[in-house]
Amino acid sequence: MNLTVKDVATLLNVSDKTIYRMIQNDTIPCFRVGGQWRFDRNEITSWLEDNRSFSKKAGIDEPSSEDEEIISIAEFIQRGGVYYNIPIGQKQAVILNCLNHIRTRIPDIAPRKLLAPIMEREGLCSTAVGHGIAVPHPGTFASFTYDSYIALCHLEQPMPFDALDKEDVSTLFFIFPKSERRFLRIQSVLLRLLKDDEVLSIVKQELPRDVITHILFKKEAEIFGRLSL
């Protein structure tokens, strides 16, 4: 079920104006339907879980100079890489396997150190966002990367992920941010981008990284009305 701006404002106990500012600042997952902003109930549930580690004003205050920087999912995937044919099994083993592959491109991450907080977050609420996609991440980050990265992992075949839509997951995104607030903005932009059917189709195909990012750069310009840098 999709929520309106007024629904989410009531849920967060803030004004409609605050919700519109959060949309403008890319701090809440949303999408457009017929010119109106809508919110996926499942995504908002997960987003609220992620925000529990922050103050009640997390994502509502005026953005910092860092937050004014353009978020480009295509650029972050170029940095973080695309990984194929990850064997399936228990969720914990699959996530660790993904992290070990990602470390070959982002050497400053510590897979086993990341695994425990990621699994703790999974225990609170599945990070599956629907349509066979999940975004595993810790509830809070103990450390950050120098630049922001996104790694895209394709599993050998779909596997159960406790998704609210009951669909098995075959595509995983891992976000490695420069800061906690940065993570929330990247997550919000990524989820908005994944509402586009063409984007959803492209990222679920096992295409070369350069093909995926080339298409995503164009879709970001189309969807967000600006060039992604």
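Before reading further, recall that the structure is shown in the block above.
Described below are features of the structure shown in this document. (Residues numbered from 1 in each chain as written. Predicted model: local features only at pLDDT ≥ 70, side-chain atom pairs only at ≥ 80, totals over all residues. Heavy atoms only, no water.)

## So, the sheet that holds strand 6 (residues 133-134)
Next up, step 1: The strand order across the open sheet built from five strands is 4-7-8-6-5, with neighbouring strands paired in mixed fashion. Only two strands of the sheet have a single partner each, and these edge strands are strand 4 (82-86) and strand 5 (128-130).
Next up, step 2: Pairing analysis gives seven bridges linking strand 7 (residues 149-159) to strand 8 (residues 169-176), with the strands arranged antiparallel. The partner of Tyr149 across the bridge, within strand 8, is Phe176.
Next up, step 3: Against the sheet, helix 7 (residues 180-193) engages strand 5, strand 7 and strand 8, with an angle of about 145° to strand 8. (Pairing = 2+ DSSP bridges. Helix = DSSP H or I, 4+ residues; strand = E, 2+ residues; numbered from the N terminus. Contact = heavy atoms within 4.5 Å. Axes fitted to C-alpha atoms, helices over the stretch in contact; angles between N-to-C directions.)

## Quick notes on the packing of aromatic side chains
Next up, step 1: Applying the stated criterion to the full structure yields two aromatic pairs.
Next up, step 2: For the ring pair Phe141 and Phe144, a centre distance of 5.9 Å and an interplane angle of 35° mean the geometry is tilted.
Next up, step 3: Its relative accessible area of 10% is what places Phe141 among the buried residues.
Next up, step 4: Overall, the relative accessible area of 37% leaves Phe144 in the partly exposed class.
Next up, step 5: Ring geometry for Phe141 against Phe183: centres 5.2 Å apart, planes inclined by 55°, an arrangement best described as tilted. (Phe/Tyr/Trp six-rings, centres within 6.5 Å; stacked < 30°, edge-to-face > 60°. Buried < 20%, exposed > 50% of the residue type's maximum accessible area, 1.4 Å probe, protein only.)

## A few points about the pairing of strand 7
Next up, step 1: Within strand 7, eight of the 11 residues are buried, leaving the element largely enclosed by the surrounding structure.
Next up, step 2: Inspection of the sheet shows strand 4 paired to strand 7 by three bridges, in the parallel sense. Opposite Tyr83, over in strand 7, you have Cys153 as the bridge partner.

## Considerations on the environment of Pro158
Next up, step 1: Within the secondary structure, Pro158 is located in strand 7.
Next up, step 2: A residue is classified by how much of its surface remains accessible, and Pro158, at 45% relative accessible area, is partly exposed.
Next up, step 3: In sequence terms Pro158 and Ile133 are 25 residues apart; their C-alpha atoms lie 9.7 Å from each other.
Next up, step 4: In this view, Pro158 contacts Ile88, Asp168, Val169 and Ser170; residues no more than four positions away in its chain are not counted.

## Description of the nonpolar core
Next up, step 1: Ile73, Ile150, Phe173, Leu194, Val203 and Leu216 are the most contacted members of the largest nonpolar core, which has 27 residues in total.
Next up, step 2: Taken together, the elements giving at least two residues each to this core come down to helix 4 (73-80), strand 7, strand 8, helix 7, helix 8 (197-204) and helix 9 (209-224).
Next up, step 3: When residues of this core are assigned to their parent elements, the largest contribution, six residues, is made by helix 7.
Next up, step 4: The residues touching Val203, leaving out its near neighbours within four places in the chain, are Ile133, Leu152, His154, Thr171, Phe173, Leu194 and Leu216.
Next up, step 5: Judged by nonpolar contacts, the second largest core, of 26 residues, contains Tyr83, Ile86, Leu99 and Leu155. (Core = buried A, V, L, I, M, F, W, Y, C linked by side-chain atoms within 4.5 Å.)

## Thoughts on unusual backbone geometry
Next up, step 1: Its identity as a non-glycine residue notwithstanding, Asn13 has a phi of 60°, on the positive side.
Next up, step 2: Tracing the sequence through the fold places Asn13 in the loop between helix 1 (5-12) and helix 2 (16-24).
Next up, step 3: Taking the relative accessible area as the measure of exposure, Asn13 reaches 70% and is therefore exposed.
Next up, step 4: Despite not being glycine, Asp162 has its phi angle at roughly 55°, a positive value.
Next up, step 5: The topology assignment puts Asp162 in the loop between strand 7 and strand 8.

## Considerations on the packing of helix 3 (residues 41-51) against helix 7
Next up, step 1: It is the contact of helix 3 with helix 7, at a shortest axis distance of 12 Å, that shows an interaxial angle of 175°. The orientation of helix 3 relative to helix 7 falls into the category roughly antiparallel. Where helix 3 approaches helix 7, its residues Glu43, Trp47, Asp50 and Asn51 are matched on the opposing element by Phe183, Leu184, Gln187 and Leu191.
Next up, step 2: Looking at the contact of helix 3 with helix 7 residue by residue, the class counts come to four nonpolar, two polar and two charged. (Parallel < 35°, antiparallel > 145°, perpendicular 65-115°, else oblique. Nonpolar A, V, L, I, M, F, W, Y, C, P; charged D, E, K, R; others polar.)

## Overview of the pattern of salt bridges
Next up, step 1: One pass over the structure, following the stated rule, counts 11 salt bridges.
Next up, step 2: For Arg79, the salt bridge goes to Glu75, with nearest N and O atoms at 3.3 Å. Note that Arg79 and Glu75 are positioned in helix 4 at a spacing of four residues, about one turn of the helix.
Next up, step 3: We note a salt bridge from Lys219 to Asp196, for which the minimum N-O separation is 3.4 Å. Taken as a pair, Lys219 in helix 9 and Asp196 in the loop between helix 7 and helix 8 lie far apart in primary sequence, 23 residues in all.
Next up, step 4: Since its relative accessible area comes to 19%, Asp196 is described here as buried. (Salt bridge = Lys/Arg side-chain N within 4 Å of Asp/Glu carboxyl O.)

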